[in-house]
Amino acid sequence: MENQLNAIVTQIIQVSPAMKIFRISPDGWELPDFISGQFAALALPASAPRVVDATPDTENTDPDKLIKRVYSVASSSKSKEFIEFYISLVRSGALTPRLFNLKIGDRIELGKKMTGMFTLEEVPADNNIVLVATGTGVAPYISMLRSNILAGGTRKIAVIHGAANSWDLGYSSELRLLESLSDRFIYLPTIIDLEKEHAKWNGDTRFVQDMWAGGVVEKAWGLKPTPENTHLFLCGNPKMVESMFEILGKEGFKEHKRKEPGQVHVESWG
Ligand SMILES: Cc1cc2nc3c(=O)[nH]c(=O)nc-3n(C[C@H](O)[C@H](O)[C@H](O)COP(=O)(O)OP(=O)(O)OC[C@H]3O[C@@H](n4cnc5c(N)ncnc54)[C@H](O)[C@@H]3O)c2cc1C
């Protein structure tokens, strides 16, 4: 079964104990075109072993059955050699304990079609963009930024990224570098579990929705984000998405739908 899987794990970066970045290359076929913000399916057979610190399987599944889940692409839409994902381990889950046991060179099934509406396609070119994430929800934004959405134009872009601890802030070096290279990009990380930090954390410790409500973007931009000048993207924890929605609704922002254009784009993994 393993030999029939269509892709190969070519790099694994351990971000934190329960978060990994996986690079996967197609074996004998070409990655299709996709738009940054879209997702792809990954699958492994039930026979693939689980990582040791996961809980054991509760059901007896046919060992050849493929366990499939979808993941937002983190690599640039221009990259044709590999596709990258930022994944957190759900210890009781069906697929992630198997993904976390993979080694470089192992085979995996990669869906040949990337889909999803969580893209910048329908954002007016002169609008600013606020990308809000918790945990691995930052993945689609990394793809957008790597696909050079800062090139040309004058729009401002902000990333607000919340995580439990500083070591869970995946891609922070890349985002800080980008911030140092562009005066139109700001990176606003926050952590909420200060007691577990081993060294002093000088950054924000509020929930992302409290940062937004406290005007963190307005202060950084020197400009109030309004429904007329800004689109927001929300990705990750459903509770964060819900709270952000409530605050944004009071400020006059509306969810974006193809038939009813608004300014808030949502990818909730609940
Ligand atoms: C469009 C989309 C994009 C996604 N992109 C990503 C991504 O880039 N990175 C990523 O890590 N995940 C992403 N996910 C979530 C992913 O698809 C899986 O749901 C997740 O990896 C859990 O899979 P699993 O088989 O291990 O757990 P499952 O067997 O599906 O779930 C086991 C149990 O854990 C609960 N659970 C599921 N996910 C979580 C979680 N994150 N934390 C706590 N409990 C959970 C479930 O409710 C269930 O009770 C995305 C989901 C969607 C819909």
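It should be noted that the structure appears before, not after, this text.
These figures come from a predicted structure and were not determined experimentally.

K.L.:
It is not clear to me how the site of the ligand should be interpreted in this structure. Could you clarify?
P.N.:
Taken together, 17 residues sit near the ligand, with Arg69, Val70, Tyr71, Leu95 and Thr96 positioned nearest. The contact in question runs from a nitrogen atom of the ligand to an N or O atom on the backbone of Tyr86, over 2.9 Å. At a separation of 2.8 Å, an oxygen atom of the ligand approaches a polar backbone atom of Leu95. For the ligand, whose free accessible area comes to 930 Å², the fraction covered by protein is 65%. Those elements giving two or more residues to the shell around the ligand turn out to be strand 4 (66–72), strand 5 (83–88) and helix 1 (96–99). Ranked by residues supplied to the shell around the ligand, first place goes to strand 4 with 4 residues. A per-class count over the shell around the ligand returns 10 nonpolar, 5 polar and 2 charged.

K.L.:
How do you make sense of helix 6 (residues 238–250) when you look at a structure like this?
P.N.:
Taking 1.5 Å of rise per residue, the 13 residues of helix 6 would be expected to cover 18 Å, and the 19 Å separating its terminal C-alpha atoms lies within 8% of that figure. Every buried residue of helix 6 is accounted for by Met240, Val241, Met244 and Leu248. Angularly, the buried residues of helix 6 cover 95° about the axis, an arc narrow enough to put them on a single face. Away from its buried face by more than 90 degrees, helix 6 exposes Lys239, Glu242, Glu246 and Lys250. The inward-facing, buried residues of helix 6 abut strand 7 (128–134), helix 4 (208–213), strand 10 (230–236) and strand 11 (264–268). The opening residue of helix 6 is Asn237, an N-cap whose side-chain oxygen sits 2.7 Å from the backbone nitrogen of Lys239. Phi turns positive one or two residues past the end of helix 6, at Gly252, with a value near 95°.

K.L.:
Quick question: what am I supposed to make of the sheet that holds strand 9 (residues 185–191) here?
P.N.:
Two orientations exist for strands paired in a sheet by backbone hydrogen bonds: parallel and antiparallel. With respect to topology, 5 strands assemble into an open sheet ordered 9-8-7-10-11, the strand pairing being parallel. The open sheet terminates on both sides in strands that have one partner only, identified here as strand 9 and strand 11. If you compare each strand with its neighbour and ignore which way they point, the axes differ by 10° on average. Packed onto the sheet, helix 2 (residues 139–146) meets strand 7, strand 8 (157–163), strand 9 and strand 10 and runs at close to 135° relative to strand 10. Packing of helix 6 onto the sheet brings it into contact with strand 7, strand 10 and strand 11, and relative to strand 10 it is tilted by some 155°.

Reading guide: rules and limits
Residues numbered from 1 in each chain as written. Predicted model: local features only at pLDDT ≥ 70, side-chain atom pairs only at ≥ 80, totals over all residues. Heavy atoms only, no water. Near = heavy atom within 4 Å. Polar contact = N/O pair within 3.5 Å; in protein donor to acceptor, adjacent residues only side chain to side chain. Areas by Shrake-Rupley, 256 points an atom, 1.4 Å probe, with all protein chains shown as cover. Helix = DSSP H or I, 4+ residues; strand = E, 2+ residues; numbered from the N terminus. Nonpolar A, V, L, I, M, F, W, Y, C, P; charged D, E, K, R; others polar. Expected span 1.5 Å × (residues − 1). Buried < 20%, exposed > 50% of the residue type's maximum accessible area, 1.4 Å probe, protein only. Arc of directions from axis to C-beta. Contact = heavy atoms within 4.5 Å. Pairing = 2+ DSSP bridges. Axes fitted to C-alpha atoms, helices over the stretch in contact; angles between N-to-C directions.

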